[in-house]
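What follows is the residue order along each chain.
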Amino acid sequence: MTGFAVITSWWGVIQGYLPLLAKASWLVVQVTAVVILLSWVLGLAIALMRSSKSRFLQWPARFYIWFIRGTPALVQIFIVYFGLPQFGLRLSPFVAGTIALGLNSAAYVAETIRGGLLSIPRGQGESALALGLTHSDAMRRIILPQVVRVIIPPISNEVASSIKNTSLLSTITLMELTLQTEVIVATTFKPFEFYIAAAIIYLLMTTVCLTALRQVENRYSLRY
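Engineer: Is there a simple way to explain the packing of aromatic side chains in this structure?
Structural biologist: The geometry of an aromatic ring pair is captured by the separation of the ring centres together with the interplanar angle, meaning the angle of the planes. Evaluation of the coordinates by the stated rule reveals six aromatic pairs. Residues Trp 10 and Trp 11 carry aromatic rings whose centres are separated by 6.5 Å and whose planes lie at 50 degrees to one another, so their mutual orientation is tilted. Residue classification places Trp 11 among the partly exposed residues on the basis of a relative accessible area of 40%. Taking the centre distance of 5.5 Å and the plane angle of 50 degrees together, the rings of Phe 63 and Trp 66 count as tilted. One end of the pair is Phe 63 and the other is Trp 66, both in helix α3 (residues 55-70) and three residues apart, which spans about a single turn. For the residue pair Phe 63 and Trp 66, the accessibility class agrees, reading exposed in each case. Connected via pairs of aromatic rings, a cluster forms that spans Phe 63, Trp 66 and Phe 67. Its end group placed over the ring of Trp 59, Arg 62 keeps NZ or CZ at 5.4 Å from the ring centre.

Engineer: Which parts of the structure should I look at to understand the nonpolar core?
Structural biologist: The tendency in soluble globular proteins is for nonpolar side chains to be buried side by side. Residues Ile 46, Tyr 64, Ile 113, Leu 117, Ile 143 and Val 147 are the most contacted members of the largest nonpolar core, which totals 21 residues. Breaking this core down by element, the ones donating at least two residues are α2 (18-51), α3, α5 (93-119) and α7 (135-165). Other than its neighbours up to four places away in sequence, Leu 117 contacts Leu 48, Ser 51, Met 139, Ile 143, Leu 144 and Val 147. Formed by 14 residues, the second largest nonpolar core is a distinct cluster that contains Ile 14, Ala 24, Ile 184 and Ile 201.

Engineer: What is the right way to look at the pattern of salt bridges in this model?
Structural biologist: Side chains carrying opposite charge are able to pair once their charged atoms draw close together. Scanning all chains against the criterion turns up two salt bridges. Among the salt bridges present, the one from Arg 69 reaches Glu 111, with a minimum N-O distance of 3.4 Å. Linking Arg 69 in helix α3 with Glu 111 in helix α5, this pair joins segments that are 42 residues apart in sequence. In this structure, the salt-bridge partner of Glu 111 is Arg 114, at a minimum N-O distance of 3.0 Å. One end of the pair is Glu 111 and the other is Arg 114, both in helix α5 and three residues apart, which spans about a single turn. Residue classification places Arg 114 among the buried residues on the basis of a relative accessible area of 18%. Taken together, the salt bridges that share partners define one network made up of Arg 69, Glu 111 and Arg 114.

Engineer: What am I meant to see in a nonpolar patch on the surface here?
Structural biologist: Taken together, the side chains of Phe 63, Trp 66, Phe 67, Val 75 and Ile 79 present a nonpolar region at the surface, about 530 Å² in accessible area. At the level of secondary structure, the elements contributing two or more residues to the nonpolar patch comprise α3 and α4 (73-83). Of all the elements, α3 adds the most residues to the nonpolar patch, at three residues.

Engineer: I tried to follow unusual backbone geometry on my own but got confused; where do I start?
Structural biologist: Of all residues except glycine, most have a negative phi; of all peptide bonds, most are trans. In this model, Thr 173 sits at a positive phi of 70 degrees, which is unusual for a non-glycine residue. Mapped onto the secondary structure, Thr 173 falls in the loop between α7 and α8 (177-188). On the basis of relative accessible area, Thr 173 is assigned to the exposed category, the value being 54%. Of note, Phe 189 is a non-glycine position whose phi angle comes to about 60 degrees, a positive value. Within the element layout of this structure, Phe 189 appears in the loop between α8 and α9 (191-223).

Engineer: Sorry, what's going on with the environment of Arg 69 here?
Structural biologist: We classify Arg 69 as partly exposed; its relative accessible area is 43%. With 35 residues separating them in the primary sequence, Arg 69 and Asn 104 have C-alpha atoms 7.6 Å apart. Not counting the four nearest positions on each side in its chain, Arg 69 is found in contact with Ala 107, Tyr 108 and Glu 111. Engagement of the side chain of Arg 69 in a polar contact is seen with the side chain of Glu 111, the distance being 3.4 Å.

Engineer: Mind showing me how you'd approach α3 here?
Structural biologist: Three or four residues apart is the spacing at which side chains of an α-helix point the same way, because the helix has 3.6 residues per turn. The terminal C-alpha atoms of α3 lie 22 Å apart, and with 16 residues this matches the ideal 22 Å at 1.5 Å per residue to within 8%. Tucked into the core, α3 has its buried residues touching α2, α4 and α5. Capping the start of α3 is the job of one residue whose side-chain oxygen sits 3.3 Å from the backbone nitrogen of Phe 56: Ser 54.

What counts, and at which threshold
Numbers given for residues are sequential positions, taken from 1 along each chain in its written order. Under the rules for a predicted model, residues below a pLDDT of 70 receive no local features and side-chain atom pairs below 80 are neither given nor counted, while totals for whole chains, interfaces and linings still include all residues. Heavy atoms from the whole structure form the basis of all side-chain values; hydrogens and water molecules are not counted. Classification of ring pairs uses Phe, Tyr and Trp, with its six-membered ring standing for Trp, and accepts pairs whose centres are within 6.5 Å; under 30 degrees between planes counts as stacked, over 60 as edge-to-face, and the remaining range as tilted. Each residue is placed in one exposure class: buried if its accessible area under a 1.4 Å probe, protein chains only, is under 20% of its type's maximum, exposed if it is over 50%, and partly exposed if it falls in between. The numbering of helices and of strands both runs from the N terminus, where a helix is a DSSP run of H or I of at least 4 residues and a strand a run of E of at least 2. Placement of a charge over a ring requires the Lys NZ or Arg CZ to be within 6 Å of the ring centre, with the centre-to-atom vector within 35 degrees of the ring normal. Throughout, nonpolar core names a set of buried Ala, Val, Leu, Ile, Met, Phe, Trp, Tyr and Cys residues whose side chains join them through atoms within 4.5 Å. The contact definition used throughout considers only heavy atoms, calling two residues in contact when any of these lie within 4.5 Å. Take a side-chain nitrogen of Lys or Arg and a carboxyl oxygen of Asp or Glu: if they are within 4 Å of each other, that pair is a salt bridge. Patch criteria: residues need more than 30% relative accessible area and no salt bridge. Like-charged residues are merged within 9 Å; nonpolar side chains of Val, Leu, Ile, Met, Phe, Trp and Tyr are merged within 5 Å. With residues, only the protein chains shown are counted as cover, and all accessible areas are computed by Shrake-Rupley using a 1.4 Å probe. Any N or O atom pair separated by 3.5 Å or less is treated as a polar contact, with the protein-specific requirement of one donor-capable and one acceptor-capable atom, and with residues adjacent in sequence counted only for side-chain atom pairs. A helix is expected to span 1.5 Å for every residue after the first.

Structure, rendered in C-alpha cells:
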C-alpha cells in the first residue's frame, strides 16, 4: 500500500470516533489548566519558603520537595484518590487527579523557580532595598520579572510533562484521552490506529503549549 492509501485507511477507521476523542482531549486541557495554575501558585510559595533564611519555613519546603520528587506520580495519585477516603475525604476522579498532579508538579516548579532566584545577583535585591523599596516590592518589580525569563525553558518542559501525565489518571477511571482510547480499542480491536491517533493528539497539545511559551520567552528576552 502507498503512504496515501495507508493514511486514508487509518482515517477511515478513526473518523467515526473523533467526537469521543475530542471530548476526552478537552478534558485533558481542563485538567492541565488546573494543574498548571495549582502547581505555579504552590510552586512559587514553596520556592520562596525554600529560599527563606528561616528554618521554620525551609524545612517543610525541603521535606515536601524531597518526598514528591522521590516517589512516583502514580503512587501520589493513588494516595489522594484511594487513601483519603479512609479518613472520610472522598474526591471525584477529576478533583483527586488534578490535586495529585498539581502537588506533584509544584515540587518541580518550586525547584525551577528557586534555581531562577539563585541566578539573579544578590546585589540587585540589596540595591532595591537601599533605594527604599520593601522586600515584597523588590521581589515583585525587580527580581521575579527576571526570574520569569530564566525559568521559561524548564517550565515549558514541566508544562509538557503535565499534559502527558494526565494519562496516569486513566487508572482512577477519569475518562481522559488515554482511557477513552483504551475503551475504543477494546470495542474495535484496532490498537495501532487509535493509539497512533492518541499520540498525535498529545503531540499537538504539547506543541501548541511549547510554541506559546516560546513566544513568551522571546518577548521577555526583548524586554530584559
